[in-house]
Amino acid sequence: MTYSLTDLPFLGSGLGYRAEFADAIADPAHRIDWLEVISDHYLFAPADVREKLAELRKRFRIVPHGLELSIGGPEDPNPRYVDALARLVDDVDAPWFSDHLCYTRAGGVSLATLTPLPRNREVAREVGRRAQRVQDAVGRPLILENVTYHIDLESPLSEARFITEVMEHCDCGLLLDLTNLDINSRNHGYSTRDFLDTIPLERVVQVHLAGGVPSDDGRVAIDSHSEPVPPAVWDLLARLVERASVRATLIERDQDFPEDFGEMQEDLDRARLLLGSATAPTAGVW
Ligand SMILES: [Fe+2]
């Protein structure tokens, strides 16, 4: 089955659901257009956890974002995992679902980290074909996210070329993490302009935005999801939305949760403004 990515609904400016934000999310004074949830927290969860998700769905559109699909692993994704994902995606009537362009499992064991892939033509072909099979099995569009990496093994393809070649073997979309792009471009010395000129921008459905920190010695940037979105990432979003039909932005925060939600709301509002989303659906309309 093929999807026209430009026909996907416009979701606006969303927030990654974390328990620390539960009260802020429940407060209707906050403007959050949609929620991304971590798929793995719900796939095999007890009924009460799924019921809480069903409650959230009454107010928000929900997109499941996974960690353990392991699309580039040595083995095919686990069919039991893919079946559970299809049920979750159906339960929340997700417009699309996402995971990372990396691997997280090997030999049946979770590596507990987003491990980057060797960037060559064979891997790109295999990952693209697998992504298509997963998308077909789940029955909704799959979008794949670029990850950060701190070890860059000698590879025949640049990161942007590799992503492009994966996309040539499937009709899936891209979840472009602009913070990861900013961090990788600085850590590995490449141009964000060249990256954006290379990847198929028409496949970009959704964007991730977050703030990171420098390493202790200040030599590398770390994707810590602990800070407000920095200026360089806002600049990337401004450049991207001029060239791509982005359907949704998402603010990610996983540490140093601010006591005052105002800091998160500022980033949510700024992303919405950049999306030009005067007509974005508000919570509860859906
Ligand atoms: Fe991300």
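Quick caveat: nothing in here was measured; it's all calculated off a predicted structure.

Analysis parameters
Residues numbered from 1 in each chain as written. Predicted model: local features only at pLDDT ≥ 70, side-chain atom pairs only at ≥ 80, totals over all residues. Helix = DSSP H or I, 4+ residues; strand = E, 2+ residues; numbered from the N terminus. Rg over C-alpha atoms; globule rule 2.2 N^0.38 Å. Buried ≥ 20, exposed ≤ 12 C-beta atoms within 10 Å, placed from the backbone. Axes fitted to C-alpha atoms, helices over the stretch in contact; angles between N-to-C directions. Parallel < 35°, antiparallel > 145°, perpendicular 65-115°, else oblique. Left-handed = near helix turned anticlockwise from the far one by under 90°. Contact = placed C-beta atoms within 7 Å. Nonpolar A, V, L, I, M, F, W, Y, C, P; charged D, E, K, R; others polar. Arc of directions from axis to C-beta. Pairing = 2+ DSSP bridges. Expected span 1.5 Å × (residues − 1).

## Section: the overall build of the protein
Per the secondary structure count, the protein includes nine helices and twelve strands. For 286 residues, the compact-globule estimate of 2.2 N^0.38 gives 19 Å, and the protein sits close to it at 18 Å. When each of the 286 residues of the protein is scored for burial, the buried share is 40%.

## A word on the packing of helix α3 (residues 79-91) against helix α4 (residues 121-138)
Orientation of α3 relative to α4, taken along the N-to-C sense of each, is 50°, at an axis distance of 9 Å. When the axis of α3 is compared with that of α4, the two are oblique. The handedness of the crossing between α3 and α4 is right-handed. For the pair formed by α3 and α4, the contact residues are Val82, Leu85, Ala86 and Val89 on the first element and Val134, Ala137 and Val138 on the second. Among the residues forming the contact of α3 with α4, the class breakdown is seven nonpolar, no polar and no charged.

## Comments concerning helix α5 (residues 159-168)
Along α5, the residues that are buried comprise Glu159, Ala160, Phe162, Ile163, Val166 and Met167. Burial along α5 is one-sided: seen end-on, the buried residues are contained in an arc of 165°. Check the buried side of α5 and you find it contacts α4, α6 (178-188) and α7 (192-198).

## As for unusual backbone geometry
Within the chain, Ser70 stands out as a residue other than glycine whose phi angle is a positive 55°. Position of Ser70 among the secondary structure elements: in the loop between β3 (61-65) and α3. Look at Asp93: it is not a glycine, yet its phi comes out positive at around 50°.

## Description of the pairing of strand β10 (residues 211-214)
Note that β10 and strand β11 (residues 221-227) share three bridges and pair antiparallel. Along β11, the bridge assignment pairs Pro214 with Ala221. Where β10 folds back on β11, the antiparallel hairpin that results is connected by six residues, among which Gly218 adopts a positive phi of roughly 75°.

## Considerations on the environment of Glu126
Along the polypeptide, Glu126 turns up in helix α4. Taking the C-alpha atoms as reference points, Glu126 and Gly72, separated by 54 residues in sequence, lie 7.9 Å from one another.

## Remarks on the packing of helix α8 (residues 231-241) against helix α9 (residues 262-275)
Where α8 meets α9, the closest approach of the two axes is 9 Å, and the angle between their N-to-C directions is 25°. Classified by the interaxial angle, the pair formed by α8 and α9 is roughly parallel. When you trace α8 past α9, the crossing you get is right-handed. The residues of α9 that touch α8, namely those facing Trp234, Leu237, Ala238 and Val241, are Arg270, Ala271, Leu274 and Leu275. Of the residues belonging to the contact of α8 with α9, the class tally is seven nonpolar, no polar and one charged.

## A short note on the pairing of strand β8 (residues 173-177)
When you tally the buried positions in β8, you get five out of five residues, the bulk of the element. Taking every second residue as pointing to the same face, both faces of β8 are buried, with Gly173, Leu175 and Asp177 on one and Leu174 and Leu176 on the other. Summarising the sheet, strand β7 (residues 142-145) and β8 pair through three bridges and their orientation is parallel. Along β8, the bridge assignment pairs Ile143 with Gly173. The pairing of β8 with strand β9 (residues 204-209) spans four bridges and is parallel. Bridge assignment links Leu176 to a residue of β9, and that residue is Val207.

## Quick notes on helix α2 (residues 47-59)
With 13 residues, α2 extends 19 Å from end C-alpha to end C-alpha; this agrees with the ideal 18 Å at 1.5 Å per step. In terms of burial, α2 is largely open, as just zero of its 13 residues are buried.

## Quick word on the environment of Pro118
Following the sequence through the fold, Pro118 ends up in the loop between β6 (109-115) and α4. With 14 C-beta atoms packed within 10 Å, Pro118 lands in the partly exposed category. Along the chain, Pro118 and Leu157 lie 39 residues apart, while their C-alpha atoms are 9.0 Å from each other. Setting aside anything within four residues of it in sequence, one finds Pro118 in contact with Val123, Leu153 and Ser155.

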